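Architecture and fold: a report
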Amino acid sequence: MTSKIIIAVILGILAIAGAYTLRSRRTKIKRIGRFPETDCDGNRIVKKCTVPRLVPPASLIDITLLKDHMKKISSSIGMLWQISRYGDDNNLGSILFDNLNLAVAASDSPELKKQWEAFAGNRSQWSAALYKDKSSELLDMLKQAGVAIGDISDLIWEARIAGDYRKFGAIQDGDRCKVLVPCIIYEDVVIEQGLVQKIN
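Conventions and cut-offs
- Residues numbered from 1 in each chain as written.
- Predicted model: local features only at pLDDT ≥ 70, side-chain atom pairs only at ≥ 80, totals over all residues.
- Heavy atoms only, no water.
- Helix = DSSP H or I, 4+ residues; strand = E, 2+ residues; numbered from the N terminus.
- Buried < 20%, exposed > 50% of the residue type's maximum accessible area, 1.4 Å probe, protein only.
- Contact = heavy atoms within 4.5 Å.
- Salt bridge = Lys/Arg side-chain N within 4 Å of Asp/Glu carboxyl O.
- Pairing = 2+ DSSP bridges.
- Axes fitted to C-alpha atoms, helices over the stretch in contact; angles between N-to-C directions.
- pLDDT = per-residue confidence, 0-100.
- Parallel < 35°, antiparallel > 145°, perpendicular 65-115°, else oblique.
- Left-handed = near helix turned anticlockwise from the far one by under 90°.
- Nonpolar A, V, L, I, M, F, W, Y, C, P; charged D, E, K, R; others polar.

A word on the overall build of the protein
- Scanning the protein for helices and strands turns up 7 helices and 7 strands.
- Written out in order from the N terminus, the α and β elements of the protein read α-α-α-α-α-α-α-β-β-β-β-β-β-β.
- Expressed as a percentage of its 200 residues, the buried residues of the protein come to 31%.
- Contacts spanning at least 24 positions in sequence make up 56% of the contacts within the protein whose residues lie at least 6 apart.

Okay, here's the thing in structure tokens:
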């Protein structure tokens, strides 16, 4: 019985000592504003430990290449947005990426073709869910390249916005409309019109 009490006391002391050491270590990290002078395995070194930098999704396709070929792919951005939001149709996703394949194939950039092949080369086993995910990834890259997507859900129709949106059905000035597809803007210019429908 006495030995069990002694063991319990020893374990308690070790636990308290360990907690104190950990607290001191954290305080030191906070105070010096960097990692203690040990490597990631705890071995003492002169240089500080480094943390791996996460690679952003944009590295999948070079942003400069997307900017250089924006005109070729701009007509597909609206559909990319739709599939990234509501994609549940495998055929629609396939048609979209077929069109993007043609746009990339018409490019004179071997590097863009290479990166596109790595991103969306073999689609034989793609599901609707994967088309949705890939559309979201590509849309994020395009946003980093400077594409802006309208974020309003409804608007009042007036003649001056006719260049930004197409009408779905009859719409008169003053009608409240639901935005079915946002307009796509690049370098302060609408490169793809949105689509609106009158709210009855």
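What about the pattern of salt bridges?
- Counted under the stated rule, the structure contains 4 salt bridges.
- Note that Glu158 and Arg160 form a salt bridge whose closest N and O atoms lie 3.2 Å from each other.
- Here Arg160 falls in the exposed class, since its relative accessible area comes to 65%.
- Lys198 serves as the salt-bridge partner of Asp175, at 3.9 Å between the closest nitrogen and oxygen.

What about unusual backbone geometry?
- One non-glycine residue, Glu187, lies in positive phi territory at about 55°.
- Relative to the helices and strands, Glu187 is located in the loop between β5 (184-186) and β6 (189-192).
- Looking at Glu187, the relative accessible area reads 59%, which means it is exposed.

Quick look at the sheet that holds strand β7 (residues 194-198)
- On the basis of which strands lie adjacent, the open sheet formed by 4 strands has the order β2-β4-β7-β3 and mixed pairing. Each edge of the open sheet carries a strand with a single partner, namely β2 (154-156) and β3 (165-168). The mean inter-strand angle of the sheet, taken between neighbouring strand axes irrespective of direction, is 40°.

Some thoughts on the confidence of the model for the protein
- Within the protein, residue pLDDT values average 76, and 70% of them lie at 70 or more.
- Long-range and interchain partners of residues 3-59, a stretch whose pLDDT sits below 50, account for 24 contacts in this model, where long-range means more than four residues apart.

Comments concerning the packing of helix α5 (residues 90-105) against helix α7 (residues 128-144)
- The N-to-C vectors of α5 and α7 enclose an angle of 40°; their axes lie 8 Å apart at closest approach. Taken together, the axes of α5 and α7 are oblique relative to one another. For α5 against α7, the interelement crossing comes out left-handed. For the pair α5 and α7, the contacting residues are Asn90, Gly93, Ser94, Leu96, Phe97 and Leu100 in the first and Ala128, Tyr131, Lys134, Ser135 and Leu138 in the second.
- Within the contact of α5 with α7, the residues separate by chemical class into 6 nonpolar, 4 polar and 1 charged.

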